[in-house]
Amino acid sequence: MRLNNLYELIIFFVIIHLNSQKLLFVNVHFRHGARSSLYLIDNKNRDIFGNIWEKRGSLTSKGKRQIFLNGIKHRERYSNFLSNKYIEDEIKSYSTDSYRAISSLECYLNGLYHNDNINENIIYNNDTVFPPGNITNEMKKKVDELGVNAIPKDNHIIPINIFQKSEHAFVLHEPGRISDCQKIANIRQKNVIKNNFKQLEKNFKEKYSDKLNKYFNENNISLKSDFNYSFNQIHTLCDTLYADYIDNRNITNLNKLINFNEFYNDCNNILTKFQADYVAGDKDVVIMSQSPPMKKLIKWMDQRIELDKNDQSDKIVSGSPKFTIWSGHDSSIATFEMFMKNIFNTKFIFPSFCSTILFELHKNEEKNIHEIKYFVNDELLLTINYNDFKMKVLEIIWNEQKIEEFCQFSIIKSEKINNLKTENKKYRIIIIFLILIIISSLSFNIYILFKGRKKIKDN
């Protein structure tokens, strides 16, 4: 083989390097796609900038498209690794119990398996294909259209697992849930002081409050009386602006008062700071929240390495998936990123809608070692020997006892049970009291009725 120039030489060595890499395992972790605003200010479902949404925090059409295309991209990326057809033991998918996360995972899976033209070989003219009960003409028509396919061939039914309470990174993804680990709320309030959020509030208020107040007045937008541009309220503004911008909502009136590009960039910085310094700004919270999923990752990767040592790296084994998927939220992406930053000094990238972490396990056959490759939004941030990675992770993650000591889940559970018992006791007393009143009333009425009849009889 003759190489004519430096370019061909580089291509040659890249090809040689790629051929020496054998992919053994992939973990995909993404934030849900674009959603509607989380902050609606009235019963018309208007957000703070006056745009009307169908529902609070729901996946939008654009969000569905984003996630579907993410699945298309990963099908292309892993076409030589992942089977074209869905095989139950090959992949395992998880989601939080949020509708937007579940819907995002469904969209992603449909993109990942968009080329899977299912052929179930159903004998469809047999009456047993129908559910019990009446068979309608529409059902018969649909069966004829389906032919041998169980369902329309572009649709897929793929199991989704919902994260359990012990998997903290994904359950504790929003402020309403951190009551299960009350210490987090206290730590985050300290983060507000530590990271000088007060100065950020002051700068934002001086720069934008007068112009924004004018915008709200001109557009008849009534804010709560306590709206004073605190950091959480600024985050509300910026999060809503981001949702409006991504969904191409009407914010032209805002452009007349504010340099929109500057405002948008300032809001992006605030959203980034919120995730990096508030949600994931404390190392203990990050390690606590990521310990269960990191244990899971290491277990899966160890299983694939063991199979590889026995020349079975392509074997599909129950309980040992090759491809795992986590559908979560900005906070679950942020804590994962900060976990990696705390241990391996990788950079933090703001987890925008559909932001995706890829975790790949490779066998470097040239060096005869296993390696981890860590990507955020397709940017390679880390390549590390698997044994080094595993040793550093296992040194830092917490066991369940330490997590319990930190969060005191059992105490909180006990308090909730005691509160429930107290409530039930209170309700029982009220019910008994009402029953006694009813009995007394009935007794009194019976007594009056009896006395009246006696009087009539005496007369």
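Refer to the preceding data block for the structure.
From a predicted model like this one, the values you see are computed outputs, not experimental measurements. (Residues numbered from 1 in each chain as written. Predicted model: local features only at pLDDT ≥ 70, side-chain atom pairs only at ≥ 80, totals over all residues. Heavy atoms only, no water.)

**Quick word on the overall build of the chain**
- Helix and strand counts for the chain stand at 15 helices and 7 strands.
- Out of the 459 residues belonging to the chain, those deemed buried represent 45%.
- A fraction of 73% describes how many contacts in the chain between residues 6 or more apart in sequence connect residues 24 or more apart.
- Per element, the accessible surface of the chain, about 25,800 Å² overall, is 51% carbon and sulfur. (Helix = DSSP H or I, 4+ residues; strand = E, 2+ residues; numbered from the N terminus. Buried < 20%, exposed > 50% of the residue type's maximum accessible area, 1.4 Å probe, protein only. Contact = heavy atoms within 4.5 Å. Areas by Shrake-Rupley, 256 points an atom, 1.4 Å probe, with all protein chains shown as cover.)

**Overview of the packing of helix 10 (residues 260–279) against helix 12 (residues 330–344)**
- One way to put it is that helix 10 packs onto helix 12 with a least axis distance of 10 Å and a crossing angle of 65°. Viewed along their axes, helix 10 and helix 12 form a crossing whose handedness is right-handed. In this structure, helix 10 uses Q275, A276 and V279 to contact helix 12, whose residues at the interface are D330, S331, A334 and M338. (Axes fitted to C-alpha atoms, helices over the stretch in contact; angles between N-to-C directions. Left-handed = near helix turned anticlockwise from the far one by under 90°.)

**Structural notes on the side chain of D239**
- When you line up the elements, D239 lands in helix 8 (residues 231–246).
- On the accessibility criterion, D239 (5% relative accessible area) is buried.
- Setting aside residues up to four positions removed in sequence, D239 forms contacts with R35, L38, Y39 and L271.

**Observations concerning unusual backbone geometry**
- In the Ramachandran plot, N220 falls in the positive-phi region, its phi being about 55° despite a non-glycine side chain.
- Locating N220 in the fold gives a position in the loop between helix 7 (197–218) and helix 8.

**Remarks on the state of the cysteines**
- Within the structure shown, the criterion is met by 1 disulfide.
- Residue C238 pairs covalently with C267 via a disulfide, S to S 2.3 Å. Measuring the twist about the S-S bond at about -65°, one finds the C238-C267 disulfide to be left-handed. Of the two residues, C238 sits in helix 8 while C267 sits in helix 10, which places them 29 residues apart along the sequence. Just as C238 is buried, C267 falls in that class too.
- With no disulfide of its own, C107 has C354 as its nearest cysteine by sulfur position, at a separation of 9.9 Å.
- On the basis of relative accessible area, C354 is assigned to the buried category, the value being 12%. (Disulfide = S-S within 2.5 Å.)

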